[in-house]
Amino acid sequence: MLKNPFTASGRSLVHPESSHALELRDLSVRFNGLIVLEDLSLRVEPGLRVAVVGPNGAGKSTLFNVLAGLLPPSSGEVRVHGHLPAQYLCLAYVPQSSLIDWDFPVSVRDVVMMGRAGLVGLLRWPGSRDLQQVERSLERVQLSQLAHRQISELSGGQKQRMLIARALAQEADLLLLDEPLAGLDLPSQEQILSILADLKQQGITVLFATHDLELAAEHFDRILLLNRKLIAYGTRKEVLSGENLALAYGGHMQVVETKQGPVWIGDIGGHHGHDVEGRHG
Amino acid sequence: MVSWLVEPLAYEFMQRGLLVAVLVGVVCAVVGCYIVLRGMAFLGDALSHAILPGLAVGYLASAGDSPSLFWWALGAAVLSSVSISALSRGGRIKQDTAIGIVFAGMFALGIALISTMRSYAVDLSHFLFGNILGVTTEDVWLTAGVSLVVLLIILAFYKEFMVLSFDLQLATTLRLPARALEILLSVLTAVAIVVSLQAVGVALVVAMLVTPAATAYLLTKNLRRMMLLAAAIAASSGVVGLYVSYYFNVASGAAIVLACTAVFIAVWLGQQVRSSLRARSAS
């Protein structure tokens, strides 16, 4: 197993050697009798970048909420590096940028330090080790220069990078990113993708929810195709077959071979008309 | 000028009043920063009204002994905040609806109880609008002790309360005891309200919680500075309010709240003018 240098701490959990980064066993989630996720079973090896794709309402956000321990599953089990949800601190949820109050009176460094709150512990103040981790996390997302900025003064890409730095400060081995590229310009998207490639070098596992099949195919090691059930999990070739896409998108998604490679054309939600599910921007 | 400032200090009731006004202002302002940032002003207002039945029962039980009034009022506030969270927990009743139901119900109960005890000559207006010039030395000590405890708890849980207010999901993924912290924060709010009753009364407490914190929020984008600034604004408004009350014979609670409001209006107007000047120079 690749060793994440951030987990050299005595206070972090030690992972069992043979454990998977993520293991789901017959995971189901129901709200008021409505099935949102059904019988998901899955094993993810450490250090992979996994794109989680599926139509709107496929249960991507619900899955992330369950993995993060924010929502208890109706049945089944989640293990992160062998640990049950109540035990792990090694998972970080990078929320959609729109869920954050950007006018909150804190600086970039304050927010990244919040990632340490669990490791620092109750009734303690951050020590030199915590400060060091915060600086290193800021460096890795190239935000050291902006550490003093109030968070409302950041651009969209910088905000997203700050939230990733917060996850790194948390010493997480598994990162959940919910649509992190939504609304970002192309250079910012590239920058975040290169940070993800850097995380792979550190053995950090990334689950990345996106609408964008082409992005998933181009930049990720594995694709998880979800529509209430797990349609397919594997490499791009294994997952993005016409058959699987028909299962996930119900015939609203087609693969068109072009000279530049395959393009996926889909009809999401119905009321948008025909949207091209390619890279925007 | 100096004699104008010194003259009221000759009276012990003014000394005690000033001390309590400053203490209460600081505690409410610091707790109020969380209330403003979390957008929970309505809960603060509701809790302050919901303690009225506690005060009434406390008065009946102890004939107006302040420490026991304090505990009864605190009990009523904690009961109300627990009921609100229990009612809204299932999601069938929205939180602001639950707050409205509990707050009005408790307030009505308080008024009903007080209306039955004419013989005790309870002055309802003291509960509603405060009586800061009537505080005893014992009240000053109680206020000081309680204020210190509240401020120490906030210092101890500073980073947890910050995470909780900024990003509840993060608090949960970091395995912080989010629910316990939320309850602690609403108990601290209740304590701040109860301790301010003698200064400004049930009807005006929410201003002490919200106005100085909101003023500080306009002036700084740093939580620590926001708390210090809010405390300074509230403490000086308390002093100014009491002097105004002394010289112009205005109700003291109202004068303190008006001083806070005046500072807020000045800061808000100043920022409006500044941003419109900046817009003009930019175009």
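Up top is the structure these notes are about.
Summary of the structure given here. Values in this document were obtained by computation on a predicted structure and should not be read as measured data.

The next thing to look at is the overall build of chain A. Helices and strands together make up the secondary structure of chain A, namely nine helices and 12 strands. Counting only residues that meet the buried cut, chain A has 42% of its 281 residues in that class. Taking the contacts inside chain A whose residues are at least 6 apart along the sequence as the reference set, 68% of them involve residues at least 24 apart.

Attention now goes to the overall build of chain B. Looking only at helices and strands, chain B has 15 helices and zero strands in total. The C-alpha atoms of chain B give 20 Å as radius of gyration, which agrees with the globular expectation for 283 residues (19 Å, within 12%). Taken along the three principal axes of its C-alpha coordinates, chain B extends 65 × 60 × 30 Å. The buried share among the 283 residues of chain B stands at 46%. Counting contacts in chain B only where the partners sit at least 6 residues apart, residues at least 24 apart contribute 74% of the total.

The residue D26 of chain A is not glycine, and still its phi comes out positive at about 45 degrees. Tracing the sequence through the fold places D26 of chain A in strand β1 (residues 22-31). Given 12 C-beta atoms within 10 Å, D26 of chain A falls into the exposed group. Positive phi values are uncommon outside glycine, yet R175 of chain B reaches one of about 60 degrees. Accessibility expressed as a C-beta count within 10 Å gives 15 for R175 of chain B, which makes it partly exposed.

Now for the environment of D212 of chain A. Residue and element names in this part refer to chain A. Mapping D212 onto the fold places it in the loop between β7 (205-210) and α7 (213-219). Classification of D212 as buried rests on a count of 20 C-beta atoms within 10 Å. Counting along the chain gives 31 residues from D212 to L181, while the straight-line C-alpha distance between them is 9.8 Å.

Let us look at helix α4 (residues 128-140) of chain A. All names here are of chain A. Spanning 13 residues, α4 covers 18 Å between terminal C-alpha atoms, matching the ideal 18 Å at 1.5 Å per step. Turning to α4, its buried residues are Q133, V134, S137 and L138. Seen end-on, α4 carries its buried residues on one side only, within an arc spanning 135 degrees. Set apart from the buried face of α4 by more than 90 degrees, the exposed residues are S128 and Q132. Where the residues of α4 are buried, they touch α2 (108-114) and α5 (156-169). Just beyond α4, the residue with positive phi is Q142, at close to 55 degrees.

Many structure descriptions define interface size as the accessible area lost when the parts assemble. Contacts between the two partners involve 20 residues from chain A and, on the opposite side, 21 residues from chain B. At the level of secondary structure, the elements contributing two or more residues to the side of chain A that touches chain B comprise β5 (91-94) and α3 (117-120) of chain A.

What follows concerns the packing of helix α2 (residues 12-37) of chain B against helix α8 (residues 137-156) of chain B. Residue and element names in this part refer to chain B. Contact geometry for α2 and α8: axes closest at 10 Å, N-to-C directions at 20 degrees. Between α2 and α8, the angle is such that the two are roughly parallel. In the crossing of α2 with α8, the sense of the turn from one axis to the other is left-handed. Every residue of α8 that contacts α2 at R16, L19, V20, L23, V24, V26, V27, V30 and V31 is listed here: T137, D139, V140, T143, A144, S147, V150, L151 and I154.

All names here are of chain A. Taking strand neighbours across the sheet as the criterion, the three strands line up as β2-β1-β4 in an open arrangement whose pairing is antiparallel. If you trace the sheet from one side to the other, it starts and ends with β2 (34-44) and β4 (75-80), each paired once. Geometrically, the sheet is characterised by an average inter-axis angle of 20 degrees between neighbouring strands, direction not taken into account. Judged from the five bridges that link them, β1 and β4 form a sheet pairing that is antiparallel. Bridge pairing in β4 places R25 opposite E77.

As a general feature of sheets, a regular strand has side chains that alternate between the two faces. Residue and element names in this part refer to chain A. Burial analysis of strand β3 (residues 49-53) places five of its five residues in the buried class, the great majority of the element. Of the strand pairs in this sheet, β3 and strand β8 (residues 222-227) are connected by four bridges, and their pairing is parallel. When the bridges of β8 are listed, V50 appears paired with R222.

In this section: the pairing of β7 of chain A. Residue and element names in this part refer to chain A. Along β7, six of the six residues are buried, which leaves the element largely enclosed by surrounding structure. Both faces of β7 are covered, namely the face carrying T205, L207 and A209 and the face carrying V206, F208 and T210. Relative to β7, β3 runs parallel, the two being bridged by five bridges. If you follow A51 over to β7, its bridge partner there is F208. As paired elements, strand β6 (residues 174-178) and β7 share five bridges and run parallel to each other.

Bringing the environment of V150 of chain B into the picture now. Residue and element names in this part refer to chain B. Along the polypeptide, V150 turns up in helix α8. Expressed as a C-alpha distance, the spacing of V150 and T116, which sit 34 residues apart in the sequence, is 35 Å. Setting aside anything within four residues of it in sequence, one finds V150 in contact with V27, V31, L188, V191 and A192.

This next bit is on the sheet that holds β7 of chain A. Residue and element names in this part refer to chain A. Strands sit in the order β5-β6-β7-β3-β8-β9 across an open sheet of six strands; the sheet is mixed. Each edge of the open sheet carries a strand with a single partner, namely β5 and β9 (229-234). Taken pair by pair, the neighbouring strands of this sheet meet at an average axis angle of 15 degrees, ignoring direction. Here β5 runs beside β6; their pairing, made up of four bridges, is parallel. Bridge pairing in β6 places Y93 opposite L176. Where helix α9 (residues 242-249) meets the sheet, its contacts fall on β8 and β9, and the angle it forms with β9 comes to roughly 150 degrees.

Calculation criteria
Residues numbered from 1 in each chain as written. Chains lettered and ligands numbered in written order. Predicted model: local features only at pLDDT ≥ 70, side-chain atom pairs only at ≥ 80, totals over all residues. Helix = DSSP H or I, 4+ residues; strand = E, 2+ residues; numbered from the N terminus. Buried ≥ 20, exposed ≤ 12 C-beta atoms within 10 Å, placed from the backbone. Contact = placed C-beta atoms within 7 Å. Rg over C-alpha atoms; globule rule 2.2 N^0.38 Å. Expected span 1.5 Å × (residues − 1). Arc of directions from axis to C-beta. Axes fitted to C-alpha atoms, helices over the stretch in contact; angles between N-to-C directions. Parallel < 35°, antiparallel > 145°, perpendicular 65-115°, else oblique. Left-handed = near helix turned anticlockwise from the far one by under 90°. Pairing = 2+ DSSP bridges.

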